[in-house]
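Residues per chain are reported as follows:
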Amino acid sequence: MKVYAIKRQTLKMALEVAKDNYPKEFAAMLRARDGVIIELLFIPGSIGSDRSAMIPFYMKPVDFSIVGVIHSHPSPNTTPSQADIALFGRSGDVHIILGYPYTEYSWAAYDRMGNPIKLKII
Ligand SMILES: [Zn+2]
């Protein structure tokens, strides 16, 4: 099923983690059920850096409920970098970038090609 929304509680938690990690980036995987992102999956060994957040994909569990990756940027810019788009391409269909100051209005979602998509908050 196509992912069309994220649970408010899940988004809030991600924004909190982004704040806690600032000015470093953080990254986690997104788990969805019935088209709604419901959970963040923190992978041991995820690297947060100020350049680009990377997840070691050999750690990725075989789990089809994982739909993509969420990561934060240390600036208000939520445009994916070239490295981000490369990461998107190999890690699912829905990706979220959280921008400083990490509010409900400072994030954006993209497909695996880096095209903006709409996600509802529910
Ligand atoms: Zn990025």
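Residues numbered from 1 in each chain as written. Predicted model: local features only at pLDDT ≥ 70, side-chain atom pairs only at ≥ 80, totals over all residues. Heavy atoms only, no water.

Trainee: For helix α2 (residues 82–89), give the residues involved together with the corresponding values.
Mentor: Residues Asp84, Leu87 and Phe88 constitute the buried set of α2. The buried residues of α2 occupy an angular sector of 100 degrees when projected down its axis, which confines them to one face. Contact partners of the buried residues in α2: β4 (66–72), β5 (95–98) and β6 (107–110). (Buried < 20%, exposed > 50% of the residue type's maximum accessible area, 1.4 Å probe, protein only. Helix = DSSP H or I, 4+ residues; strand = E, 2+ residues; numbered from the N terminus. Arc of directions from axis to C-beta. Contact = heavy atoms within 4.5 Å.)

Trainee: Give a detailed account of unusual backbone geometry, specifying residues and quantitative values.
Mentor: The step from Tyr22 to Pro23 runs through a cis peptide bond, and the omega angle for that step is 5 degrees. Looking at the element boundaries, Pro23 is found in the loop between α1 (8–21) and β2 (27–33). For the bond running from Tyr100 to Pro101, omega is 10 degrees, close enough to zero to count as cis. Within the secondary structure layout, Pro101 lies in the loop between β5 and β6. In this structure, Asp34 takes a positive phi of about 55 degrees despite not being glycine. With respect to the helices and strands, Asp34 occurs in the loop between β2 and β3 (36–41).

Trainee: How would you summarise the nonpolar core if you had to cite specific residues and measurements?
Mentor: Counting 22 residues, the largest nonpolar core has Phe26, Ile37, Ile70, Ile96, Leu98, Trp107 and Leu119 as its most contacted members. Listed by contribution, the elements that provide at least two residues to this core are α1, β2, β3, β4, β5 and β6. When residues in this core are grouped by element, the largest group, five residues, is from α1. Judged by nonpolar contacts, the second largest core, of six residues, contains Met29, Ile43, Ile66 and Val69. (Core = buried A, V, L, I, M, F, W, Y, C linked by side-chain atoms within 4.5 Å.)

Trainee: Break down the environment of Leu87 for me, with residues and values.
Mentor: Tracing the sequence through the fold places Leu87 in helix α2. Taking the C-alpha atoms as reference points, Leu87 and Gly114, 27 residues apart in sequence, are found 9.9 Å from one another.

Trainee: A description of the sheet that holds strand β1 (residues 5–6) should follow, citing residues and the corresponding values.
Mentor: Whenever strands of a sheet pair, they do so through backbone hydrogen bonds, lying parallel or antiparallel. Taking strand neighbours across the sheet as the criterion, the eight strands line up as β7-β6-β5-β4-β2-β3-β1-β8 in an open arrangement whose pairing is mixed. Only two strands of the sheet have a single partner each, and these edge strands are β7 (116–117) and β8 (120–121). As judged from the five bridges shared by β2 and β3, these two strands associate in the antiparallel manner. Directly across from Arg33, in β3, lies its bridge partner Val36. Sitting on the sheet, α1 touches β1, β3, β4, β5, β6 and β8, and the angle it makes with β3 is about 35 degrees. (Pairing = 2+ DSSP bridges. Axes fitted to C-alpha atoms, helices over the stretch in contact; angles between N-to-C directions.)

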